[in-house]
Amino acid sequence: MQILLIRHGESEDDFLEENYKGTTDLPLTVKGVEQVEKMCRRVSVEFPPEFIWSSTLLRASKTAETLSNTIKCPVTLLEDLREMQDRENNLDFRLRAQNVLAYIRENSANYKRISIISHGGMITKIIESFLQLPPAINDVWFNSDNTGIHLLEYTDHPYKLIRFSNSTTHLE
């Protein structure tokens, strides 16, 4: 199964203070909507998913809704795909990502390709879980630009693939 991990488009949250953690639920900006439309065109041509999972936060759910309408596939919102919460420490956040990835894999077994629309921190934690990095490691960050796409793949072989990471060629 292939998993497209996609960060939402630019949102008003991007302009908050530097130590902001992502819990505020603000909409996409005009530029963010344009980024999402470009990403959707690319995904629909190059690697359309059969199913979409998304964070419930507005910037992600709107990104998922636009992709779903573009490629005509269902979308399900999951609270556990939200960004790190104020009450969570790094270990709790990682364990939530690990659990939500396991849940998504189990409930997507009938699909060859799915998409997960989420946030930069959650995408990093999902990739850490995919790679089975020890949860105690907290010094890794997988950069995700607005509408950046990562393509992960579980193969029939005993290994997993990261086909590409943070691709934003649709914005060029």
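Structure: see above.
Residues numbered from 1 in each chain as written. Predicted model: local features only at pLDDT ≥ 70, side-chain atom pairs only at ≥ 80, totals over all residues. Heavy atoms only, no water.

Q: How do you make sense of the pattern of salt bridges when you look at a structure like this?
A: Side-chain pairs of opposite charge can arise whenever the charged atoms involved come near each other. Under the definition given, this model contains seven salt bridges. As a salt-bridge pair, Glu79 and Arg82 come within 3.9 Å of each other at their nearest N and O atoms. Under the relative-accessibility criterion, Glu79 is labelled exposed at 53%. Across the pair Lys125 and Glu128 runs a salt bridge, and its minimum N-O distance is 3.5 Å. A residue pair is termed a helical-turn pair when its members lie 3 or 4 positions apart in one helix, as Lys125 and Glu128 do in helix 4 (residues 120-130) at three residues. A single salt-bridge network, built from bridges that share partners, covers Arg94, Lys125 and Glu128. (Salt bridge = Lys/Arg side-chain N within 4 Å of Asp/Glu carboxyl O. Buried < 20%, exposed > 50% of the residue type's maximum accessible area, 1.4 Å probe, protein only. Helix = DSSP H or I, 4+ residues; strand = E, 2+ residues; numbered from the N terminus.)

Q: Please explain the pairing of strand 4 (residues 113-118) as it appears in this structure.
A: Each regular strand displays side chains that alternate between the two surfaces of the sheet. Burial analysis of strand 4 places five of its six residues in the buried class, the great majority of the element. By the bridge criterion, six bridges tie strand 1 (residues 2-7) to strand 4 in an arrangement that is parallel. Residue Leu5 lies in a different strand from strand 4, and its bridge partner there is Ile116. Pairing of strand 2 (residues 51-55) with strand 4 involves four bridges; the strand directions are parallel. Residue pairing across strands places Ser54 opposite Ile117, the latter belonging to strand 4. (Pairing = 2+ DSSP bridges.)

Q: What am I meant to see in the pairing of strand 3 (residues 75-78) here?
A: Two strands pair when backbone bridges link them, and strand 2 and strand 3 are joined in this way by four bridges, in the parallel orientation. Across the sheet, the residue bridging to Ser55 is Leu78, located in strand 3. Handedness of the strand 2-helix 2 (residues 58-71)-strand 3 crossover: right-handed. (Right-handed = clockwise from strand over helix to strand, strands pointing away.)

Q: Mind showing me how you'd approach the packing of helix 3 (residues 90-106) against helix 4 here?
A: Between two packed helices, the angle of one axis relative to the other and the distance separating the axes together describe the packing. The interhelical angle for the contact between helix 3 and helix 4, taken along N-to-C directions, is 70 degrees, at an axis separation of 8 Å. When the interaxial angle is binned, helix 3 and helix 4 end up roughly perpendicular. The chirality of how helix 3 crosses helix 4 is right-handed. Between helix 3 and helix 4, the contacting residues are Phe93, Arg94, Arg96, Ala97, Gln98 and Leu101 on the first element and Gly121, Met122, Lys125, Ile126, Glu128, Ser129 and Phe130 on the second. Its residues placed into classes, the contact of helix 3 with helix 4 shows six nonpolar, three polar and four charged. (Axes fitted to C-alpha atoms, helices over the stretch in contact; angles between N-to-C directions. Parallel < 35°, antiparallel > 145°, perpendicular 65-115°, else oblique. Left-handed = near helix turned anticlockwise from the far one by under 90°. Contact = heavy atoms within 4.5 Å. Nonpolar A, V, L, I, M, F, W, Y, C, P; charged D, E, K, R; others polar.)

Q: Explanation requested: the side chain of Arg42 in the structure shown.
A: If you trace the backbone, Arg42 turns up in helix 1 (residues 30-46). Residue classification places Arg42 among the buried residues on the basis of a relative accessible area of 11%. Polar side-chain contacts of Arg42 include one of 3.4 Å to the side chain of His170. Here Arg42 is in contact with Phe47, Ile149, Ser167, Thr168, Thr169 and His170, once residues within four sequence places are set aside. (Polar contact = N/O pair within 3.5 Å; in protein donor to acceptor, adjacent residues only side chain to side chain.)

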